[in-house]
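One-letter residues, chain by chain:
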Amino acid sequence: LGLRQSSGLTLLEFLTGLQQFKRCAKEIALTTGFEVRSSRTVRKIEAGELLEVLGERGVDERTGLERVRTRALQDLAEGWVTITGNQGTSFLEPVPKPYFIVAPKA
């Protein structure tokens, strides 16, 4: 995984450059679809929770909300989250790739 060849990037460095992560700044709903009105809530994303951006994003023309498809790192729930509200409220902030250490049970 972290092996370096004579030149270039390691696999870990490569993946770090491709993945985007966000931290929830203010509680927001994770929904099943892009359009808030026609989708149902999967669950609430709590402030401080980490999300992986899955790539799809856009602005809902009806509501003016900027939305992105994400995966919650806490439970791997996937859905759509509002990045910026129609009044300019920021719900997500960029963060570097998180690393978790897993230790065996004693």
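Up top is the structure these notes are about.
Definitions and limits used
Residues numbered from 1 in each chain as written. Predicted model: local features only at pLDDT ≥ 70, side-chain atom pairs only at ≥ 80, totals over all residues. Heavy atoms only, no water. Helix = DSSP H or I, 4+ residues; strand = E, 2+ residues; numbered from the N terminus. Buried < 20%, exposed > 50% of the residue type's maximum accessible area, 1.4 Å probe, protein only. Contact = heavy atoms within 4.5 Å. Areas by Shrake-Rupley, 256 points an atom, 1.4 Å probe, with all protein chains shown as cover. Lys, Arg positive; Asp, Glu negative; His and termini not counted. Charge placed at Lys NZ, Arg CZ, Asp CG, Glu CD. Core = buried A, V, L, I, M, F, W, Y, C linked by side-chain atoms within 4.5 Å. Patch = residues over 30% accessible without salt bridge, like charges linked within 9 Å, V, L, I, M, F, W, Y side chains within 5 Å. Salt bridge = Lys/Arg side-chain N within 4 Å of Asp/Glu carboxyl O. Pairing = 2+ DSSP bridges. Phe/Tyr/Trp six-rings, centres within 6.5 Å; stacked < 30°, edge-to-face > 60°.

### So, the overall build of the protein chain
Consideration 1: Assigned secondary structure in the protein chain consists of one helix and seven strands.
Consideration 2: Reading the helices (α) and strands (β) of the protein chain from amino to carboxyl end gives α-β-β-β-β-β-β-β.
Consideration 3: By its C-alpha atoms, the protein chain is 50 × 40 × 20 Å across when sized along the principal axes.
Consideration 4: The buried share of the protein chain, taken over its 106 residues, is 33%.
Consideration 5: The contacts of the protein chain with a sequence gap of at least 6 include a subset with a gap of at least 24, amounting to 48%.
Consideration 6: Taken as a whole, the protein chain presents about 7,200 Å² of accessible surface, with 53% of it coming from carbon and sulfur.
Consideration 7: Computed over 15 positive and 13 negative side-chain charges, the inter-centroid distance for the protein chain is 2 Å.

### Some words on the nonpolar core
Across soluble globular proteins, you tend to see nonpolar side chains buried next to one another.
Consideration 1: The biggest cluster of nonpolar side chains holds 13 residues, and the ones touching the most others in it are Ile28, Ile45, Leu51, Val81 and Leu92.
Consideration 2: Once residues lying within four places of it in the same chain are set aside, the contact partners of Val81 are Ile28, Ala29, Leu30, Ile45, Leu51, Glu66, Arg67, Val68, Thr70 and Leu92.

### Quick word on a nonpolar patch on the surface
Consideration 1: Where nonpolar side chains cluster on the molecular surface, the patch consists of Leu9, Leu11, Phe14, Leu15 and Leu18 and spans about 510 Å² of accessible area.
Consideration 2: Tracing the sequence through the fold places Phe14 in helix α1 (residues 11-18).

### Regarding the pairing of strand β5 (residues 66-72)
Consideration 1: As paired elements, strand β4 (residues 50-59) and β5 share six bridges and run antiparallel to each other. Following the sheet pairing, Leu51 is matched in β5 by Ala72.
Consideration 2: Where β4 folds back onto β5 in an antiparallel hairpin, the turn is made up of six residues, including Gly64, whose phi is positive at roughly 80°.
Consideration 3: Of the pairings in the sheet, the one linking β5 to strand β6 (residues 78-84) comprises six bridges and is antiparallel in character. Bridge assignment links Arg67 to a residue of β6, and that residue is Thr82.

### Remarks on the packing of aromatic side chains
Consideration 1: What the rule picks out here adds up to one aromatic pair.
Consideration 2: Ring geometry for Phe34 against Trp80: centres 5.2 Å apart, planes inclined by 80°, an arrangement best described as edge-to-face. Placement of Phe34 in the loop between β2 (28-31) and β3 (41-45) and of Trp80 in strand β6 is noted, with a sequence separation of 46 residues between them.
Consideration 3: By relative accessible area, which is 25% here, Phe34 ends up partly exposed.

### A look at the pairing of β4
Consideration 1: Pairing of strand β1 (residues 20-24) with β4, which is carried by four bridges, proceeds in the antiparallel orientation. Within β4, the position partnered with Arg23 by the bridge is Leu50.

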